[in-house]
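Summary of the model geometry
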Amino acid sequence: MLKPILLVEDSPQDLELTLIALERSQLANDVVVARDGEEAADYLCRRGHHQDRPVGNPAVILLDLKLPKMDGLELLQFIRGDRGLQNVPVVMLTSSSEESDLVRAYDLGVNAYVVKPVNFPDFVRAIGELGVFWAVLNEPPPGSLRRTAARSNRDSRSQPT
């Protein structure tokens, strides 16, 4: 069972470009979209209209910095302060190259800070590489579904028959 990617983005243009880039990278993960920080927090905590979503955390959160209601840094602080969410990889995906934003994001525990490339081919390549790394190559924390399934498959192959 593949975990979804949570994309938190309020800009319709950046959202569309990111979805196209993820689709072109041919990841099998579903992409869940939240348009502001509060909606993302509701999704992560299974509140409001997300209360019936399947149990489990996303493979990675692609998080914009400048968001309505709760900005990306506030959401990151919320995630890192919650024991059930603190190990979820968070990639800040933003147009801000302000040093103060970068420093604050790392102080709060972001896993990566990526400034959105200006031209479309570079943007598609960057998003595709991010998606493949965090959703496929990255080894998730112990107890996650993908890690448990991979270990079970590996253990069953090593058993004598």
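Located above this text is the structure these notes cover.
Here's a quick rundown of the structure. All residue numbers refer to position in the chain's written sequence, counted from 1. Under the rules for a predicted model, residues below a pLDDT of 70 receive no local features and side-chain atom pairs below 80 are neither given nor counted, while totals for whole chains, interfaces and linings still include all residues. To get the side-chain values, take all heavy atoms of the structure and skip hydrogens and water.

Another point: the nonpolar core. Note on soluble globular proteins: their nonpolar side chains tend to be buried together. Definition used in this section: a nonpolar core is a set of buried Ala, Val, Leu, Ile, Met, Phe, Trp, Tyr and Cys residues joined via side-chain atoms within 4.5 Å. Burial classification: accessible surface area is computed with a 1.4 Å probe over protein chains only, and a residue below 20% of its type maximum counts as buried, one above 50% as exposed, and the rest as partly exposed. Core analysis: the biggest nonpolar cluster contains 25 residues, and L6, V8, I61, L63, L75 and M92 have the highest contact counts within it. Secondary structure counts use DSSP, requiring at least four H or I residues in a row for a helix and at least two E residues in a row for a strand, with both numbered from the N terminus. Residue assignment for this core shows that the elements contributing at least two residues are β1 (5-8), β2 (31-34), α2 (37-45), β3 (60-63), α3 (72-80) and β4 (90-94). Among residues more than four places away in sequence, those in contact with V8 are A34, D36, A40, I61, L62, L63, D64, L67 and L75. The next biggest cluster of nonpolar side chains, apart from the first, holds 16 residues, and it includes L22, L93, V114 and I127. In what follows, residue pairs with any heavy atoms lying within 4.5 Å of each other are defined as contacts.

Moving on, we come to the side chain of D36. Structurally, D36 is set in the loop between β2 and α2. Given the relative accessible area of 10%, D36 is considered buried. Other than its neighbours up to four places away in sequence, D36 contacts V8, L67, P68 and K69.

Functional significance is not addressed by these values, which are geometric in nature.
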